[in-house]
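Chains, contacts and geometry: an overview
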Amino acid sequence: METNRKPPISVTKSQLTHHWQDRLKGNNVSEKVVRYKDTDYFRRKDPNLDPETVIYERYVKESTPGEGHLNWGHITLYPGQVDDQYFCTKGHYHENPDAEEYLLCMQGEGLVMFLSREGECWCEELEEGSLHKIPAGIARRLINIGDKPLMLSQCLPANAGYDFVSVENNPFTCHVYDDNGEMAIEVDIDERPEGTDDLREEDIIEFLKS
């Protein structure tokens, strides 16, 4: 009896690859590269730092914005300092107030810093294999406190959007520095948004410890 060995359906290869500790690659992947000359959010300045120095890169496979659609991305935040402030991303809220996000740390050492609309700031440690949920309505910033690239995968709704303006108007109230080889976090009470007069410095410190 003759046997038909031809597959009953077509089998194709994925158009995307994302190997552990490597960036996302494939068709129709958007790319963003942020250099020191592009930044306006560091609290420190360093005239000796090459303006072309790459701070971070982001690669995203975007879906058509719509309910239930997802984007998959990869972020590489390089090690380094502006004066004594660790390299970090600008940070953002999502335009969609209901959008959540997940971050998976694939390599490196750092912090994900959270910021509420009320000016409350707290952090979680990033280490290889750690998974972090960014709640809806909360801004996040990534900080590399190690000596090698900090690499993360991200998954978020395709209609999440990026809201940088709100962070510009009400900046992160905490900043992370290298203090003689040790990580130090400073709380800038003067940068609290209006309407948070009852937010005390010790309250913010408690958030950092939690």
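The model shown is predicted, which means the values in this text are computed figures rather than measured ones. All residue numbers refer to position in the chain's written sequence, counted from 1. Selection of residues for local features in this predicted model requires a pLDDT of at least 70, selection of side-chain atom pairs for listing and counting requires 80 or more, and totals for whole chains, interfaces and linings are taken over all residues. As a rule here, side-chain values come from all non-hydrogen atoms in the structure, and water together with hydrogens is ignored.

A closer look at the overall build of the protein
- The number of helices and strands found in the protein is 2 helices and 15 strands.
- By the burial criterion, 42% of the 210 residues in the protein qualify as buried.
- By sequence separation, contacts in the protein at least 24 residues apart represent 68% of the contacts at least 6 residues apart.
- Accessible surface computed for the protein: about 12,000 Å², of which carbon and sulfur atoms make up 45%. Starting at the N terminus, helices and strands are each numbered in turn, a helix being any DSSP run of H or I of at least four residues and a strand any DSSP run of E of at least two. The buried label goes to any residue with under 20% of its type's maximum accessible area, the exposed label to any with over 50%, and the partly exposed label to all in between, with areas taken from a 1.4 Å probe on protein chains only. The contact criterion used throughout is that any non-hydrogen atoms of two residues lie within 4.5 Å. Only the protein chains shown count as cover for residues, and all accessible areas are computed by the Shrake-Rupley method using a 1.4 Å probe.

Comments concerning the side chain of Thr39
- Relative to the helices and strands, Thr39 is located in the loop between β3 (29–35) and β4 (54–61).
- Leaving out residues up to four positions away in the same chain, Thr39 has contacts with Val34 and Ile55.

Some thoughts on the packing of aromatic side chains
- Stacked, edge-to-face and tilted are the three classes for Phe, Tyr and Trp ring pairs, Trp counted by its six-membered ring, which pair at centre distances within 6.5 Å; planes under 30 degrees apart are stacked, over 60 edge-to-face, the rest tilted. This structure, assessed with the given rule, holds 5 aromatic pairs.
- Between the aromatic rings of Phe114 and Trp122, the centroid separation amounts to 5.4 Å while the plane-to-plane angle is 15 degrees, which identifies the pairing as stacked. Of the two residues examined, Phe114 and Trp122, each falls in the buried class.
- By the ring-pair criterion, three or more aromatic residues cluster together here, those being Tyr36, Tyr41, Phe42 and Phe87.
- The ring of Tyr59 carries the charged tip of Arg23 above its face, separated from the ring centre by 4.3 Å. A ring is considered to have a charge above it if a Lys NZ or an Arg CZ atom is located within 6 Å of its centre and within 35 degrees of its normal.

As for the side chain of Glu101
- Mapping Glu101 onto the fold places it in strand β8 (residues 101–107).
- Under the rule applied, a polar contact is a pair of N or O atoms within 3.5 Å (in protein, one hydrogen donor and one hydrogen acceptor; residues adjacent in sequence only if both atoms are side-chain atoms). A polar contact is formed between the side chain of Glu101 and the side chain of His94, at a distance of 3.2 Å.
- Glu101 has contacts with His92, His94, His132, Lys133, Ile134, Arg140, Gln154, Cys155 and Leu156, leaving out every residue within four places of it along the chain.

A closer look at the pairing of β8
- Of all 7 residues in β8, 5 are buried; the element is thus mostly enclosed.
- Looking at chain direction, β8 and strand β11 (residues 131–134) are connected through 4 bridges and run antiparallel. What sits directly across from Glu101, in β11, is Ile134. Between any two strands, at least two bridges found by DSSP are needed for them to pair.

Overview of empty space enclosed by the protein
- The way it works is a 1 Å grid over only the protein atoms, where trapped points that fit a 1.4 Å probe form a cavity and open points with protein on both sides within 12 Å along at least five of seven lines form a pocket, and then any residue with an atom within 4 Å of a point lines it. Grid points are joined across faces, edges and corners, and a volume is the space filled by probe spheres set on the points. Scanning the entire structure with this criterion turns up 2 cavities of 30 Å³ or more.
- Counted as a void, the largest cavity has a volume near 130 Å³.
- Every residue lining the largest cavity is listed: Lys32, Tyr56, Arg58, Ile75, Thr89, Lys90, Gly91, His92, Arg140, Leu142, Tyr162 and Phe164.
- Of all elements in the fold, only β4 and β12 (139–144) reach the threshold of two or more residues within the lining of the largest cavity.
- Under this grouping Gly is polar, as are all residues other than the nonpolar Ala, Val, Leu, Ile, Met, Phe, Trp, Tyr, Cys and Pro and the charged Asp, Glu, Lys and Arg. Per-class residue counts for the lining of the largest cavity are 5 nonpolar, 3 polar and 4 charged.
- Space inside the second largest cavity adds up to approximately 40 Å³.
- Every residue along the wall of the second largest cavity is listed here: Gln85, Tyr86, Cys88, Met113, Arg141, Ile143, Cys174, His175 and Val176.
- Put simply, the parts of the chain that give the lining of the second largest cavity at least two residues each are β7 (85–86), β12 and β14 (174–179).
- Looking at the lining of the second largest cavity residue by residue, the classes come out as 6 nonpolar, 2 polar and 1 charged.

Points about the pattern of salt bridges
- For salt bridges, the criterion is a side-chain nitrogen of Lys or Arg within 4 Å of an Asp or Glu carboxyl oxygen. This model, assessed by the stated rule, comprises 10 salt bridges.
- For Arg43, the salt bridge identified is with Asp188, shortest N-O distance 2.7 Å. Of the two residues, Arg43 sits in the loop between β3 and β4 while Asp188 sits in the loop between β15 (182–187) and α2 (201–209), which places them 145 residues apart along the sequence.
- Here Glu168 makes a salt bridge to Lys90, at a shortest N to O gap of 2.5 Å. With Glu168 in helix α1 (residues 165–169) and Lys90 in the loop between β7 and β8, the pair connects residues that are 78 residues apart, well separated along the chain.
- Of the residues examined, Glu168 reaches a relative accessible area of 43% and is grouped as partly exposed.
- Connected via shared salt-bridge partners are Arg35, Lys37 and Glu52.

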